[in-house]
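Structure assessment
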Amino acid sequence: MISLPQAAPRVAKLTALSIGVALLATACGGSSTPTSTGSTTPAASGIACPAPSASGGATTAAGAGGSVPASTTTTDTPLKIGSLLPTTGSLAFLGPPEIAGVNLGIKEVNDAGGVLGKPVEVIHRDSGDTKTDIATQSTTALLGSGVSAIIGAASSGVSKTVINQITGAGVIQFSPANTSPDFTTWDDKGLYWRTAPSDVLQGKVLGNYMATCGAQTVGMIVLNDAYGTGLAKNVKSAFEAAGGKVVAEELFNEGDSQFSSQVDKVIAAKPDAIALITFDQAKSIVPLMTGKGIKATQMFLVDGNTSDYSKDFQAGTLKGAQGTIPGTFAKDDFKKKLLAIDPALKDYSYAGESYDAVNLIALAAEAAKSTKGTDIAKQLKAVSESGEKCTDFPTCVTLLRNGKDIDYDGQSGPVTFSDAGDPTEAYIGIYEYQDDNTYKPSKEEFGKL
């Protein structure tokens, strides 16, 4: 892994995260606070998660009809957006929905006449993962093409290798999936933004949820990078605050292919539940655990590995396992639009966040009357708060061009930025695996940072 110098914090960012996370309760039965005991509870004892919610997620208002008025300000330099999203590496499964979300956003912006009188251009490049230097090469190519903003990376570890390169060039880096809390205090010159909430929120939801399911002890297998260790820290904090105990926490590094040692040590601790904080290494770890008697209902996955495993495992392998993914559940009409862009889509993780990133950048450019990255960044917070609610580019840009202030709420849920460029409120979706090793929405937790 590449070691980066400690970045100087922005004062506003410290303030943004100094307030705690307030979670709203979901309707569920059973005790939400386990009691800690001196003896070890047999594996899977007491695991009984709440039933799925009757309905899921926030709803978004329909966009207004009618034609979009022409922009009163035009630009000689069209808005050009790059994407730095994974088509190879350990997060490659996230690439298709994220790229589809970007392409859908670009299509809808251009169908409405584009930004400042010109169609928006998009250039896609692979981010790879932290085992390669693909992200640096792709970033250099995108910056050389004159992009004003880069959507990506998906991996927090990858973003750490290119954030200084991007923001140092005066270009916006806008991630739809970075969740490491480290970015909240990064010296990014006001140019780093994200639609995915910090893992302070996902960690609290997962830690509390395992407690709600009756687990008194938890073991964790954790990817040793910014994403894995940051998320694990917040899961542990929440679970212990609920009265539970983390009895094993085993690390592995990106590029490792053998996980028997970590699995054996976690199982030896006899935890009620096991949190897998990994990327696609779960394909190797899950069979090792089930082969040693761990039940799927004891397994809790996260956004880095909650994926379609129908072609990887025998039927029933993951039935009853659960996973968390930041963002509200993808709605049927949004899925249909994404499938029109990419008919092969099977996952929708972070598609909404990617789509929202495009819309927010385009709307901020309109508000700034400029396609320059530093100008656009100064308007991103303004278009996300304290104005007339709108949920798509045509509706929002019509309001802007009519002199109105707007408050964009998107497919990922409400979008309101802190001065740090972080969402201040978000949903965390909880999903349950079916007999075919695919996952379905179960319930949502809403939280504020």
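Summary of the structure given here. Not measured: the values here are computed from a predicted model.

Parameters and conventions
- Residues numbered from 1 in each chain as written.
- Predicted model: local features only at pLDDT ≥ 70, side-chain atom pairs only at ≥ 80, totals over all residues.
- Heavy atoms only, no water.
- Pairing = 2+ DSSP bridges.
- Helix = DSSP H or I, 4+ residues; strand = E, 2+ residues; numbered from the N terminus.
- Axes fitted to C-alpha atoms, helices over the stretch in contact; angles between N-to-C directions.
- Contact = heavy atoms within 4.5 Å.
- Salt bridge = Lys/Arg side-chain N within 4 Å of Asp/Glu carboxyl O.
- Buried < 20%, exposed > 50% of the residue type's maximum accessible area, 1.4 Å probe, protein only.
- Disulfide = S-S within 2.5 Å.

1. Here we look at the sheet that holds strand E5 (residues 172-175)
Pairing is parallel across the open sheet formed by five strands, whose spatial order is E3-E2-E4-E5-E6. Of all the strands in the sheet, just strand E3 (121-126) and strand E6 (192-194) have a single pairing partner and so form its edges. Neighbour-to-neighbour, the strand axes of the sheet open up by a mean angle of 20°, direction not taken into account. Direction of pairing for strand E4 (residues 149-152) relative to E5: parallel, over a ladder of three bridges. Paired with Ile150 across the bridge in E5 is Gln173. Along the sheet, helix H2 (residues 95-111) contacts strand E2 (80-85), E3 and E4; its crossing angle with E3, the most-contacted strand, is approximately 170°. Packing of helix H11 (residues 373-380) onto the sheet brings it into contact with E5 and E6, and relative to E5 it is tilted by some 45°.

2. Focus on the pattern of salt bridges
Using the criterion set out here, one finds 14 salt bridges in the structure. Among the salt bridges present, the one from Asp111 reaches Lys107, with a minimum N-O distance of 2.8 Å. Separated by four residues within a single helix, Asp111 and Lys107 lie in helix H2, roughly one turn from each other. Judged by its relative accessible area of 42%, Lys107 falls in the partly exposed class. The shortest N-O distance in the salt bridge between Asp409 and Lys389 comes to 2.9 Å. Of the two residues, Asp409 is situated in strand E13 (residues 406-410) and Lys389 in strand E12 (residues 388-390); the sequence distance between them amounts to 20 residues.

3. With respect to the state of the cysteines
By the definition in use, this model includes two disulfides. Disulfide pairing places Cys49 opposite Cys213 at an S-S distance of 2.0 Å. Of note, the bridge from Cys49 to Cys213 carries an S-S torsion of about 110° and is right-handed in sense. Here the residue Cys49 occupies a position in the loop between strand E1 (22-23) and E2, and Cys213 occupies one in the loop between helix H5 (199-212) and strand E7 (217-223), the gap between them amounting to 164 residues. On the basis of relative accessibility, which here comes to 25%, the residue Cys49 falls in the partly exposed class. In this model Cys390 forms its disulfide with Cys396; the gap between the sulfur atoms is 2.1 Å. Here the S-S torsion is close to 115°, and the disulfide linking Cys390 with Cys396 is therefore right-handed. When its relative accessible area of 0% is taken as the criterion, Cys396 is described as buried. Once the bonded cysteines of the protein are numbered in order along the sequence, the disulfide links fall as 1-2, 3-4.

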